[in-house]
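Here is how the chains run, residue by residue.
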Amino acid sequence: MGRGHATDNIVVWIPSEKVLYPGCMVKDLQATDLGNLSDADVEAWPGTIEKVIRKFPSAKWVIPGHGEAGGLELLYHTLDLLKY
């Protein structure tokens, strides 16, 4: 989908279950920072998150690389973290 937490983010979509697995590109709601940024492209990351939101607006479950699963709010939370 694009650069973000890493230059080679992999996003898995299971349409029959409406499950989105964006891995470490998306932070759980408990996260207060972006974690390890050694391989990150922080400038491109927000645009990549926005692409994922547009492509998978019907996701019911979003499973981050670490922490609790949730819904699309995890993508918006990650965008908020990227603003700081």
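Now for a quick tour of the structure. The model shown is predicted, which means the values in this text are computed figures rather than measured ones.

Let us look at the sheet that holds strand β3 (residues 61–64). Strand order in this open sheet of 3 strands is β1-β2-β3, and the pairing throughout is mixed. The open sheet has two free edges, formed respectively by β1 (12–14) and β3, since each of these has just one partner strand. Within this sheet the neighbouring strands show an average axis-to-axis angle of 15 degrees, counted without direction. Inspection of the sheet shows β1 paired to strand β2 (residues 19–23) by 3 bridges, in the antiparallel sense. In the sheet register, W13 faces β2, and the bridge partner there is L20.

It is worth spelling out the packing of helix α1 (residues 45–55) against helix α2 (residues 73–83) at this point. Packed helices, taken two at a time, are described by the angle their axes make and the gap between the axes. The geometry of α1 relative to α2 is characterised by a closest axis approach of 10 Å and an angle of 165 degrees between their N-to-C directions. Relative to α2, the element α1 is oriented roughly antiparallel. Note on packing geometry: the crossing formed by α1 with α2 is left-handed. Note on element contacts: α2 touches α1 through L75, Y76, T78, L79 and L82, opposite W45, P46, I49, E50, V52 and I53. In terms of residue class, the contact of α1 with α2 is built from 9 nonpolar, 1 polar and 1 charged.

Of all 5 residues in β2, 4 are buried, a share of seventy percent or more. The antiparallel hairpin formed by β1 and β2 contains 4 residues in its connecting segment, where K18 sits at a positive phi of about 55 degrees. Across 3 bridges, β2 lies against β3 in parallel orientation. Within β3, the position partnered with V19 by the bridge is W61. You can see the chain leave β2, run along α1 and come back into β3, and the turn it takes is right-handed.

On to the environment of K83. Within the secondary structure layout, K83 lies in helix α2. Owing to a relative accessible area of 65%, K83 belongs among the exposed residues under this scheme. For the pair formed by K83 and W45, sequence separation is 38 residues and the distance between their alpha carbons is 11 Å.

With that out of the way, let us pick up the nonpolar core. In terms of nonpolar packing, the biggest core is built from 18 residues, with L20, V26, W45, I49, V52, V62 and L75 touching the most fellow members. Contributing elements (two or more residues each) for this core: α1 and α2. Examining the composition of this core, we find that 5 residues originate from one element, α2, more than from any other. If we ignore the near neighbours within four places in the chain, the residues touching V52 are M1, V11, L20, M25 and L75.

What counts and how
- Residues numbered from 1 in each chain as written.
- Predicted model: local features only at pLDDT ≥ 70, side-chain atom pairs only at ≥ 80, totals over all residues.
- Heavy atoms only, no water.
- Pairing = 2+ DSSP bridges.
- Helix = DSSP H or I, 4+ residues; strand = E, 2+ residues; numbered from the N terminus.
- Axes fitted to C-alpha atoms, helices over the stretch in contact; angles between N-to-C directions.
- Parallel < 35°, antiparallel > 145°, perpendicular 65-115°, else oblique.
- Left-handed = near helix turned anticlockwise from the far one by under 90°.
- Contact = heavy atoms within 4.5 Å.
- Nonpolar A, V, L, I, M, F, W, Y, C, P; charged D, E, K, R; others polar.
- Buried < 20%, exposed > 50% of the residue type's maximum accessible area, 1.4 Å probe, protein only.
- Right-handed = clockwise from strand over helix to strand, strands pointing away.
- Core = buried A, V, L, I, M, F, W, Y, C linked by side-chain atoms within 4.5 Å.

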